Amino acid sequence: QKEVEQDPGPLSVPEGAIVSLNCTYSNSAFQYFMWYRQYSRKGPELLMYTYSSGNKEDGRFTAQVDKSSKYISLFIRDSQPSDSATYLCAPHNTNAGKSTFGDGTTLTVKP
Amino acid sequence: DTEVTQTPKHLVMGMTNKKSLKCEQHMGHRAMYWYKQKAKKPPELMFVYSYEKLSINESVPSRFSPECPNSSLLNLHLHALQPEDSALYLCASADTGSSTDTQYFGPGTRLTVL
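Counting starts from 1 at the beginning of each chain's written sequence and moves along it residue by residue. Naming scheme: in the order in which they are written, chains are lettered from A and ligands are numbered from 1. This being a predicted model, a pLDDT of at least 70 is required before a residue's local features are given, and a value of 80 or more before pairs of side-chain atoms are given or counted; all residues contribute to the totals for chains, interfaces and linings. Where side-chain values are given, they derive from all heavy atoms of the structure, hydrogens and water being excluded.

> Even after reading the chapter, I still don't get the confidence of the model for chain A, so can you show me in this structure?
Low pLDDT means the predicted atomic positions in that stretch should not be read closely. On average, residues of chain A score 93 in pLDDT, and 100% of them are at 70 or above. Between the elements of chain A, mean pLDDT differs from a low of 84, seen in strand E10 (residues 98-99) of chain A, to a high of 97, seen in strand E11 (residues 105-110) of chain A. Residue-level confidence of the predictor is summarised by pLDDT, bounded by 0 at the bottom and 100 at the top. Put simply, DSSP marks the helices as runs of H or I at least four residues long and the strands as runs of E at least two long, and each gets a number from the N terminus on.

Rendered as structure tokens:
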């Protein structure tokens, strides 16, 4: 079993839709939960991260963590064509000093 | 300056060639990483330098050889590669002084092995 499982996608939505991207994890040692966005032929860029269970909002993006069920989500409101990218969840183990990446979900937002 | 730079952007090499990938950051980060990313797959960690001390992913073949000349520079030396090594090679750096070890990625070098 993989340490991090991410909903595979791909996902195609119309502009303005609400998008939900999801991951589950099995390692209780993960303390931080990162979301990276990767545009085609570019390196990943950190979108946002959360530490504790609950929600964290940044503009149109909301990251949610439920440590009891080991479930992490990223919500995008009012999605835009510029949000079209691959989104990677990456729980982080500070003691090990490394992040474990999910396989990524490719999102296309159609105008 | 929150940028990680990588050179070259693209590299085509034969199986008998020797080449090097370069990475540089000036954020004062003390951890630097090499990742390999195949199409439609997540980045796979190859090497980590933390305070210039190397940690190796045991599954990485010896034809890949990292070097960290100083805390701002990271090289990846390539020798006798195979066509299946064709991939996007990503460098990242992290501030190990922060609890999140947030990694900043470079744009990558797209490597093709013929």
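Structure shown, so let's carry the discussion forward.
> Can you help me understand empty space enclosed by the protein in this one?
To find leftover empty space, a probe the size of one water molecule is rolled over the atoms. All names here are of chain B. Here a cavity is any set of points on a 1 Å grid over the protein atoms alone where a 1.4 Å probe fits but cannot get out, and a pocket is any open set with protein on both sides within 12 Å along at least 5 of 7 lines; a residue lines the site when it has an atom within 4 Å of a point. Grid points are joined across faces, edges and corners, and a volume is the space filled by probe spheres set on the points. Counted under the stated rule, the structure contains one cavity of 30 Å³ or more. If you add up the space inside the largest cavity, you get close to 40 Å³. Lining the largest cavity, in full, are His29, Arg30, Met32, Tyr49, Tyr51, Glu52, Cys68 and Ser71. Gly falls in the polar group here, along with every residue not listed as nonpolar (Ala, Val, Leu, Ile, Met, Phe, Trp, Tyr, Cys, Pro) or charged (Asp, Glu, Lys, Arg). In terms of residue class, the lining of the largest cavity is built from four nonpolar, two polar and two charged.

> Teacher, can you tell me more about the environment of Glu45 of chain A here?
Residues and elements named next belong to chain A. Note on placement: Glu45 falls in strand E5 (residues 45-50). Categorising residues by exposure relies on relative accessible area from a 1.4 Å probe, with only protein chains included: less than 20% of the type maximum marks a residue as buried, more than 50% marks it as exposed, and the intermediate range marks it as partly exposed. Given the relative accessible area of 33%, Glu45 is considered partly exposed. In this description, contact between two residues means that some pair of their heavy atoms is separated by no more than 4.5 Å. Excluding anything up to four places from it in sequence, Glu45 contacts Trp35, Tyr36, Arg37 and Tyr39.

> For this particular structure, what's the right way to read the state of the cysteines?
Disulfides are covalent bonds that connect the sulfur atoms of two cysteines. Residues and elements named next belong to chain A. Criterion for a disulfide: a pair of cysteine sulfur atoms within 2.5 Å. If you walk through the whole model with that rule in mind, you get two disulfides over all chains. In this model Cys23 forms its disulfide with Cys89; the gap between the sulfur atoms is 2.0 Å. Disulfide Cys23 to Cys89: torsion about the S-S bond roughly -105°, handedness left-handed. Note that Cys23 is positioned in strand E3 (residues 19-25) and Cys89 in strand E9 (residues 85-93), a separation of 66 residues in sequence.

> Sorry, what's going on with the sheet that holds strand E1 (residues 4-7) of chain B here?
To summarise the sheet geometry, strands pair through backbone hydrogen bonds and adopt either a parallel or an antiparallel arrangement. Residues and elements named next belong to chain B. The sheet built from four strands is open, its strands ordered E1-E3-E8-E7 with antiparallel pairing. The two strands at the open ends of the sheet, each matched to only one other strand, are E1 and strand E7 (64-70). Each strand axis lies, on average, 20° off the axis of its neighbour in the sheet, ignoring direction. Two strands pair when backbone bridges link them, and strand E3 (residues 18-25) and strand E8 (residues 73-79) are joined in this way by seven bridges, in the antiparallel orientation. For Leu21, the partnering residue across the bridge sits in E8 and is Leu76. Two strands qualify as a pair provided that DSSP identifies no fewer than 2 bridges between them. Each axis is a line fitted through C-alpha atoms, taken for helices only over the stretch in contact, and angles between the N-to-C directions span 0 to 180 degrees.

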